[in-house]
Amino acid sequence: MSGKGILVYAETRESEIHPISFELLGKAREIAEKLGLEVWSVILGSGISDKASQLIHYGADRVYAYDDERLRDLNVVAYKSVLVDFVKETKPEIFLIGATPWGRSLAPRIAAALDTGLTADCIDLQVSEDGKLIQIRPAFTGNILAHIETTSKPIMTTIRYRVMKMPEPDPSRRGEVIVRRPERVEADGVKFLGKVSERGVNLADAEIIVAGGKGLKKKEDLRILEELAGLLGGVVGVSRPLVEEGWISKDHQVGFSGNTVKPRIYIACGISGSPQHLAGMRDSGIIIAVNTDPSAPIFRHADYGVVADLYEFIPRLISFLKEVKGHGKGVVKGA
Amino acid sequence: MEGFRIVVLIKQVPDIEKVRFDVETGRVDRSSAPAETNPFDLNALEAALQIKERCGGTVTVISMGPRQAESSLKDAIARGADRAILLTDPRLAGADTIATARALAAAIKKLGGFDLILCGEKTVDGDTGQVGPEVAELLGIPHAAYVCELREISRDRVVVVSDMGDKYLYELELPALLTVTRELNTPRLPTLKDLLRAKRAGIEVWTADDLSEHVPANMLGYQGSRTRVVKVVIPSAEHRKGIIYRGEDAVEKIAEILLSEVAAI
Ligand SMILES: Cc1cc2nc3c(=O)[nH]c(=O)nc-3n(C[C@H](O)[C@H](O)[C@H](O)COP(=O)(O)OP(=O)(O)OC[C@H]3O[C@@H](n4cnc5c(N)ncnc54)[C@H](O)[C@@H]3O)c2cc1C
Ligand SMILES: Nc1ncnc2c1ncn2[C@@H]1O[C@H](COP(=O)(O)O)[C@@H](O)[C@H]1O
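Predicted model only: the values in this text are computed from it and were never measured. Along each chain, the written sequence defines residue order, and numbers are assigned to residues from 1. Whichever chain is written first becomes A and whichever ligand is written first becomes 1, with later ones labelled in order. Only residues with pLDDT of at least 70 are given local features in this predicted model, and only at 80 or more are side-chain atom pairs given and counted; all residues enter the totals for whole chains, interfaces and linings. Hydrogens and water molecules were not included; the side-chain quantities draw on all heavy atoms of the structure.

Time to look at the site of ligand 2. Residue and element names in this part refer to chain B. Here a residue is considered near a molecule or strand provided that any single heavy atom belonging to it is located within 4 Å of it. Lining the immediate surroundings of ligand 2 are 19 residues, of which Leu 9, Asp 41, Thr 123, Thr 128 and Gly 129 lie closest. Pairs of N or O atoms are called polar contacts if they sit within 3.5 Å, as long as, within protein, a hydrogen donor faces a hydrogen acceptor (for residues adjacent in sequence, only side-chain-to-side-chain pairs). At 2.6 Å from an oxygen atom of ligand 2 is found a side-chain nitrogen or oxygen belonging to Thr 128. In the complex, 97% of the free accessible area of ligand 2, which totals 480 Å², lies under the protein chains. Contributing elements (two or more residues each) for the shell around ligand 2: β6 (57–64), α3 (97–111) and β8 (116–120). Runs of E in the DSSP output that reach at least two residues are strands. Runs of H or I that reach at least four are helices, and both are numbered from the N terminus. The biggest single contributor to the shell around ligand 2 is β6, with 3 residues. Each residue is assigned to one of three groups, with Ala, Val, Leu, Ile, Met, Phe, Trp, Tyr, Cys and Pro labelled nonpolar, Asp, Glu, Lys and Arg labelled charged, and all others, Gly among them, labelled polar. Considering only residue class, the shell around ligand 2 consists of 7 nonpolar, 8 polar and 4 charged. We get accessible surface area from the Shrake-Rupley algorithm with a probe of 1.4 Å; when it comes to residues, only the shown protein chains can shield them.

This is the structure:
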């Protein structure tokens, strides 16, 4: 091993690299410049070696690809054993993992095996004047932001999806790809039996979310929001009670026990703005809230608030948008 | 068949709707809110009680925290847990997730044999979801995170659905650890009678000395932590524009914003 490095775990799903990996590489480059480190990436899976060059284009100086049939499925014990051996060998200073459900299941096992600190679900990383890595993360259901330092090596952190800037890939970037077969794959006690169901909607990637809460009176009324979402090329999100009622599947839920989202536009209709709901959407680009109650907490977190009955306001908004579209003024995508 | 020996890890947390934060100092005023059991841990406890009812066995709850956390353990007994252990000691205070996991793993080792350990998906205060998988690693057993469905359990294995966005089916050999989501079940409420009975129930209290056979005290609490909180800030909502529309022109105004933004995408 030549210099010192910052390591990025490249997450794969069915042989595709999760975009969080590229975001982490972008951030890793920035920190690497400040601390004089190289950027390394490690990718695990079966038939993934040819993907490694993408990681170079996004900023890695060196990529280690563990390509092995035994790593085809997401097996937390198998992945852990390979990554622990790898970190012990290469001794990175910093190790970044995406705070996806998979990353948040895998990272703590690795940290415990290496006896090192792990900071969960960070939304920013900074380098202090004295060259320390400061990890910033929400805690107390998003009510506070804690600045955390790690006193052991490697400094491990999981980072939330879509908070770091996606870098521009540079296909001319050069780097080294090292394809390896793991010496040891300890997969004791875990058997992957297959995928039960696909996620129906991908809120994490959505640019526009039209969300409904208990201000809706019945399941059928979700159609009003679906129509607006369709008109804007967005998707429907909901607060937790609607999932509990069985009106819609859990993948539509925004909040502390659901999805964390960061669309360009979030339209909250009939949602009060509980801390648990805010925890999932407070970092959205533009927040628009529609609520009959002028004192609803959501208005304190909104750029534009409309004090109105959603049953009157949303249909009127829909007709207005349709009319504009009909006259060819402006562009409304996805209708 | 001998029943399952189930351990549930529960944490007492402040009621997050009521707790106050000092914007100036960034301090969390825990005394400003009543304490309750971490909501996710009640789903873990419910899962344990259902397995016990179906297949027989015992449910032991363990919590690390201040003396007041006894009330959460008593509540667990009222709901049907058989045994409750509180890890409390000034030397355990200020623990990060790894130091917490070490104490809990040591306590589980001290208990002797176990088949299944259940945790919540995360806590509403620490909010990391790390303690469960860390405990599994320290015990050298498999785990599944974000478990939203328990399909099968037998003497030596369990089949679960893990919600990773897409849902995956896993089979784990026992002993194993599961961290569970709120979808898994609806926690039962204790009856008044059970609450009264639990009031008198004995809670075993263990200190760092009781764990010393399995973990040295300098690996616990603040001293054993590998991370430090250097600062806490309260994010303000002030960076939002906060423009409020009430009247007729609201439709046009919002449409204008949407049209200019959507066109840009
Ligand atoms: C551990 C835990 C985790 C949780 N996780 C989540 C989570 O992930 N996501 C989540 O959302 N919640 C979560 N919750 C629940 C959360 O505490 C709130 O109960 C929930 O967010 C409230 O949803 P709501 O805003 O839709 O409903 P309410 O709080 O009942 O608000 C409904 C709003 O609609 C308005 N309204 C009524 N009629 C109309 C109308 N005709 N037009 C316009 N406005 C109208 C009302 O003024 C009110 O403000 C969690 C709770 C716990 C304890
Ligand atoms: N102090 C504690 N005592 C007992 N169990 C805990 C403690 N802290 C965390 N846990 C368990 O670990 C889970 C995840 O917690 P956390 O990593 O803090 O989000 C919780 O839902 C509990 O089941």
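Still to come is the rest of the account.
What follows deals with empty space enclosed by the protein. Grid points spaced at 1 Å and placed over the protein atoms alone form the basis of the search, with a cavity being a set where a 1.4 Å probe fits but cannot get out and a pocket an open set showing protein on both sides within 12 Å along at least five of seven lines. Lining residues have an atom within 4 Å of a point. Grid points are joined across faces, edges and corners, and a volume is the space filled by probe spheres set on the points. One pass over the structure, following the stated rule, counts 2 cavities of 30 Å³ or more. Volume-wise, the largest cavity comes out at about 60 Å³. Every residue lining the largest cavity is listed: A:Val76, A:Trp102, A:Ser105, A:Val190, B:His143, B:Ala144, B:Ala145, B:Ser162, B:Met164, B:Tyr170 and B:Leu172. At the level of elements, α4 (101–114) of chain A together with β9 (143–153), β10 (157–164) and β11 (166–173) of chain B are the ones that each hand at least two residues to the lining of the largest cavity. The element best represented in the lining of the largest cavity is β9(B), accounting for 3 residues. A breakdown of the residues in the lining of the largest cavity according to their chemical character gives 8 nonpolar, 3 polar and no charged. By volume, the second largest cavity is sized at about 30 Å³. Considering the residues around the second largest cavity, the lining is formed by A:Arg104, B:Glu121, B:Gly129, B:Pro133, B:Ala145, B:Tyr146 and B:Thr179. Of the residues belonging to the lining of the second largest cavity, the class tally is 3 nonpolar, 2 polar and 2 charged.

This part covers the interface of chain A and chain B. It only takes one pair of heavy atoms within 4.5 Å for two residues to be counted as in contact. Across the boundary between the two partners, chain A contributes 89 residues, which contact 79 residues of chain B. Two parts placed together each lose some accessible area; with a 1.4 Å probe, that loss summed over both constitutes the buried area. Between chain A and chain B lies a buried interface of about 7,700 Å² when both sides are counted; carbon and sulfur atoms form 59% of it. Whenever Lys or Arg places a side-chain nitrogen within 4 Å of a carboxyl oxygen from Asp or Glu, that contact is recorded as a salt bridge. Put simply, chain A and chain B have 11 salt bridges between them. Put simply, chain A and chain B have 46 residue pairs in polar contact (both at pLDDT 80 or more) between them. Among the elements that make up the side of chain A that touches chain B, the one with the highest residue count is α4(A) (9 residues). Tallied by class, residues from the side of chain A that touches chain B come to 45 nonpolar, 20 polar and 24 charged. In this structure, strand β10 (residues 144–150) of chain A lies alongside strand β14 (residues 227–233) of chain B, joined through 6 bridges in antiparallel fashion. By definition, two strands form a pair when at least two bridges between them are found by DSSP.

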